[in-house]
Amino acid sequence: MRRKSEGIALALIGMLLYGLEPVVISYNPVNPISFAFFSAFFASLILIPFADFLEVKAYWRRGALIGFFGTFLAYLSYSFGAKMSSSVNAALITRAEVIFSFLLSYAILGERITRRRIINSTLVIIGVILVITQGRKISLNVGDFLLLLVPLFWQIGHVIAKKTNAKPQTIAFLRNSFGSLFLLLPTLTTELSFTPYSIAEGLIIALGQLIWYSAISRIDLSLATAIITPAPAVAIGIALITGVPVTLWHLLGFIFITIGTLNLTRD
């Protein structure tokens, strides 16, 4: 029970931390692929002192797969998808991660997906939709299908990580090391450009992944994913604090998100 409580607490902290990510990314003035490369590279540098290099030697193949799916393919799909779509669609569609998590966790990890978990995750998703869309209709295009691949790639990486018996810091180090390595070529073929914001993003990635992999080592992947689902709403909350007007849609969304997330922590 203590490990489960720790895992839930870590997932909640991860939700708040990942909520900061869109704020940092929004200030990125350079090529998004180059930004992703430098962010993952700086994350790997930050994680070097904490990695267990005996585990790195033992699990580097799995680390390469986690970096390939969770960082390389996910970042490319997001970069091109968001360019062809909109920020609203990107924020909403990537929340489909909880659906992929339920399917993969059940099929591969053998996790039990309860009706309670499905209901409360649905409440959270409804809340996020209300907050982001403000009740407006959204249209879909080709870029949205690329965006739909992003949460799938994330979850494939997470499933591999869940089945890897290594410390969270080792998995995070391997993911970002190989992720930045895979991103180097497309970065060089587009535009190699640096911004200090990639250092801030690298710090968020390093700390966020340490917390995330610590969480899923203690609780079900499907539960942890459901808990971090409201992360985009955290970013919007930060915007509201800085002076964006509060609407009825914000309040309704906040109610759905709060009820769903609180119930998930009691799952």
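See above for the structure.
Notes on the structure follow.

About the thresholds
Residues numbered from 1 in each chain as written. Predicted model: local features only at pLDDT ≥ 70, side-chain atom pairs only at ≥ 80, totals over all residues. Heavy atoms only, no water. Axes fitted to C-alpha atoms, helices over the stretch in contact; angles between N-to-C directions. Helix = DSSP H or I, 4+ residues; strand = E, 2+ residues; numbered from the N terminus. Parallel < 35°, antiparallel > 145°, perpendicular 65-115°, else oblique. Left-handed = near helix turned anticlockwise from the far one by under 90°. Contact = heavy atoms within 4.5 Å. Nonpolar A, V, L, I, M, F, W, Y, C, P; charged D, E, K, R; others polar. Salt bridge = Lys/Arg side-chain N within 4 Å of Asp/Glu carboxyl O. Buried < 20%, exposed > 50% of the residue type's maximum accessible area, 1.4 Å probe, protein only.

## Considering the packing of helix α2 (residues 32-47) against helix α8 (residues 168-190)
Okay, step 1: Put simply, α2 and α8 touch, their axes get as near as 8 Å, and they point 150 degrees apart. As summarised for this structure, α2 and α8 are arranged roughly antiparallel, according to the angle between their axes. The interaxial crossing formed by α2 with α8 has left-handed handedness. Across from Ile33, Ser34, Ala36, Phe37, Ala40, Phe41, Ala43, Ser44 and Leu47 in α2, the residues of α8 making contact are Ala172, Phe173, Asn176, Ser177, Ser180, Leu183, Leu184, Pro186, Thr187 and Thr190.
Okay, step 2: Classifying every residue of the contact of α2 with α8 gives 12 nonpolar, seven polar and no charged.

## What to know about the pattern of salt bridges
Any two side chains of opposite charge can pair, so long as their charged atoms come close to each other.
Okay, step 1: In this structure the tally under the stated criterion is five salt bridges.
Okay, step 2: Across the pair Arg218 and Glu6 runs a salt bridge whose closest N-O atoms are separated by 3.1 Å. Taken together, the residues Arg218 in the loop between α9 (197-216) and α10 (221-228) and Glu6 in helix α1 (residues 2-26) connect sequence positions 212 residues apart.
Okay, step 3: With relative accessibility at 29%, the residue Arg218 sits in the partly exposed group.
Okay, step 4: Glu55 is paired through a salt bridge with Lys167; the nearest N and O atoms lie 3.5 Å apart. Of this pair, Glu55 sits in helix α3 (residues 53-84) while Lys167 sits in the loop between α7 (142-162) and α8; the two residues are 112 residues apart in sequence, bridging distant segments of the chain.
Okay, step 5: The exposure class of Lys167 is partly exposed, given its relative accessible area of 35%.
Okay, step 6: One continuous salt-bridge network, built from bridges that share partners, spans Arg2, Glu6 and Arg218.

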